[in-house]
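This is what each chain is made of:
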Amino acid sequence: FPTVAITSPAANSVVNAAGASAFEVSGTCTDDGRVVYLTGAYTGNATCASGTFTITANIGAVGDGNFTVNLDSTDAAGNPSRRVSRTFVKDATAP
């Protein structure tokens with residue numbers, strides 16, 4: 001079965017207004033050429049290449065507070081990876 005893991009950002013990392021327009025989730029994956037899907041507070045995808053992936057998205061529409069993203073993938077035979085989730089904190093409101 002394929003595996004995916006989030007390596008960056010760390011769990012509970014805070015995303016401010018400046019970082020919301022290009023929020024990146026990156027990690028490792030075992031099946032090169034296969035798509036890694038990100039779901040949850042926002043969606044995106046990237047192709048696993050050389051054992052890594054990076055998904056960049058604009059999370060401006062995600063409200064302030066905790067938000068969670070999930071990663072999934074499949075191998076060439078259609079076997080699913082174990083879903084990986086991580087929670088972050090958006091704080092884009094000026095004090």
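Details of the structure are given in the entry above.
Residues numbered from 1 in each chain as written. Predicted model: local features only at pLDDT ≥ 70, side-chain atom pairs only at ≥ 80, totals over all residues. Heavy atoms only, no water.

1. Looking at the sheet that holds strand β5 (residues 44-47)
With mixed pairing, five strands are arranged side by side in an open sheet as β2-β8-β7-β4-β5. The sheet is open, and its two edges are formed by β2 (14-15) and β5, each paired on a single side. The sheet contact formed by β2 and strand β8 (residues 84-90) spans two bridges and is parallel. Along β8, the bridge assignment pairs V14 with V89. (Pairing = 2+ DSSP bridges. Helix = DSSP H or I, 4+ residues; strand = E, 2+ residues; numbered from the N terminus.)

2. Comments concerning the sheet that holds strand β3 (residues 23-29)
The sheet built from three strands is open, its strands ordered β1-β3-β6 with antiparallel pairing. Across the chains shown, the open sheet's two edge strands, defined by having one partner strand only, are β1 (4-8) and β6 (52-57). Neighbouring strand axes in the sheet, compared pairwise and without regard to direction, differ in orientation by 30° on average. Pairing between β3 and β6: six bridges, direction antiparallel. By the bridge assignment, F23 is partnered in β6 with A57. (Axes fitted to C-alpha atoms, helices over the stretch in contact; angles between N-to-C directions.)

3. What about the packing of aromatic side chains?
For the structure on display, the rule yields four aromatic pairs. With a centroid separation of 5.7 Å and an interplanar angle of 70°, the aromatic rings of F23 and F67 are classed as edge-to-face. Note that F23 is positioned in strand β3 and F67 in strand β7 (residues 65-73), a separation of 44 residues in sequence. F23 sits in the buried class, given a relative accessible area of 6%. A relative accessible area of 4% places F67 in the buried class. Each ring, one from F67 and one from F88, has its centre 5.7 Å from the other, and the planes form 45°; the classification is tilted. Of the two residues, F67 is situated in strand β7 and F88 in strand β8; the sequence distance between them amounts to 21 residues. For F88, a relative accessible area of 0% corresponds to the buried category. Grouped by ring-pair contacts, the aromatic residues F23, Y42, F67 and F88 constitute a single cluster. (Phe/Tyr/Trp six-rings, centres within 6.5 Å; stacked < 30°, edge-to-face > 60°. Buried < 20%, exposed > 50% of the residue type's maximum accessible area, 1.4 Å probe, protein only.)

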